[in-house]
Amino acid sequence: VFQFAHELGHIICGFQASNQKHLWFEETICEISSLIALRKMTLEWEIAPPSPQLYAYAPEFSKYAQKRLAIPKFQHDFTVYKWFMEKRVELEATPIDYKRNLKIAKRLLPLFEESSGIWEACTYLHLIKKRNQLTFEEYLQKWVNKCPNSQTKEAVKKIAEPFGLFLE
């Protein structure tokens, strides 16, 4: 479930192997996708498992999600903005670092759980051309510009705020 939801996140975001500069961000979204899938499957299987004998597996999804969320520890003064400024070069050079991506996913998870427009907005990421030539702020601004309605635009703006980016 975890891995399937992760890969589904890549499909939602329109993964393109040639676009590596901001892949760390997509990997973070995919971590969020996995965590949300585990949590939702827990709720669904507690009420209506695919078959009665699978009911007992519902808590296992939740346990796995909680185990993942317990891994990244934060210093008392941790902020997404501070983290991003310290890791910016590293993020672009090494986009796949699951422990690091999970750490930021943990902080962004509530935004994805609260806003219905975020997942729809993610489907417009693939429309951004020449991603490797953009700063992260330009990348997010172009993402806002590609979103077709106010709900998806506002969702992207909410994602940008913890990074200290306030988009138009």
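Note that this is a predicted model, so its numbers are computed, not measured.

In terms of regular secondary structure, the protein is built from eight helices and zero strands. Listed N to C, the secondary structure of the protein is α-α-α-α-α-α-α-α in terms of helices and strands. Against the compact-globule benchmark of 15 Å for 168 residues, the protein has a radius of gyration of 16 Å, which places it among compact chains. The principal-axis extents of the C-alpha atoms in the protein amount to approximately 50 × 35 × 25 Å. Per-residue burial over the protein gives 43% buried out of 168 residues. If the 23 positive side-chain charges of the protein are averaged to one point and the 20 negative ones to another, these points end up 2 Å apart.

Counting residues in each nonpolar core, the largest one holds 44 residues, and the members touching the most others are Phe 25, Phe 112, Phe 136, Leu 140, Trp 143 and Phe 163. At eight residues, the largest contribution of residues to this core is made by helix α2 (residues 23-47).

This part takes up the layout of surface pockets. Taken as a whole, the largest pocket spans an internal volume of roughly 180 Å³. Forming the boundary of the largest pocket are Gln 75, Asp 77, Phe 78, Thr 79, Lys 82, Trp 83, Glu 86, Lys 87, Arg 100 and Lys 103. Counting residues per element, the lining of the largest pocket draws most heavily on helix α4 (residues 80-93), which supplies four residues. When grouped by side-chain class, the residues that make up the lining of the largest pocket number two nonpolar, two polar and six charged.

Contact geometry of α2 with helix α5 (residues 98-114) gives a least axis separation of 8 Å together with a crossing angle of 60°. Accordingly, the angle class assigned to the pair α2 and α5 is oblique. The element α2 and its partner α5 pack so that their crossing is right-handed. Residues Trp 24, Glu 27, Thr 28, Ile 29, Glu 31, Ile 32, Leu 35, Ile 36 and Arg 39 of α2 form the contact with α5, whose participating residues are Tyr 98, Arg 100, Asn 101, Leu 102, Ile 104, Ala 105, Leu 108, Leu 109, Phe 112 and Glu 113. Tallied by class, residues from the contact of α2 with α5 come to twelve nonpolar, two polar and five charged.

What counts and what doesn't
- Residues numbered from 1 in each chain as written.
- Predicted model: local features only at pLDDT ≥ 70, side-chain atom pairs only at ≥ 80, totals over all residues.
- Heavy atoms only, no water.
- Helix = DSSP H or I, 4+ residues; strand = E, 2+ residues; numbered from the N terminus.
- Rg over C-alpha atoms; globule rule 2.2 N^0.38 Å.
- Buried < 20%, exposed > 50% of the residue type's maximum accessible area, 1.4 Å probe, protein only.
- Lys, Arg positive; Asp, Glu negative; His and termini not counted.
- Charge placed at Lys NZ, Arg CZ, Asp CG, Glu CD.
- Core = buried A, V, L, I, M, F, W, Y, C linked by side-chain atoms within 4.5 Å.
- 1 Å grid on protein atoms, 1.4 Å probe; cavity = no way out; pocket = protein on both sides within 12 Å on 5 of 7 lines; lining within 4 Å.
- Points joined across faces, edges and corners; volume = space filled by probe spheres on them.
- Nonpolar A, V, L, I, M, F, W, Y, C, P; charged D, E, K, R; others polar.
- Axes fitted to C-alpha atoms, helices over the stretch in contact; angles between N-to-C directions.
- Parallel < 35°, antiparallel > 145°, perpendicular 65-115°, else oblique.
- Left-handed = near helix turned anticlockwise from the far one by under 90°.
- Contact = heavy atoms within 4.5 Å.

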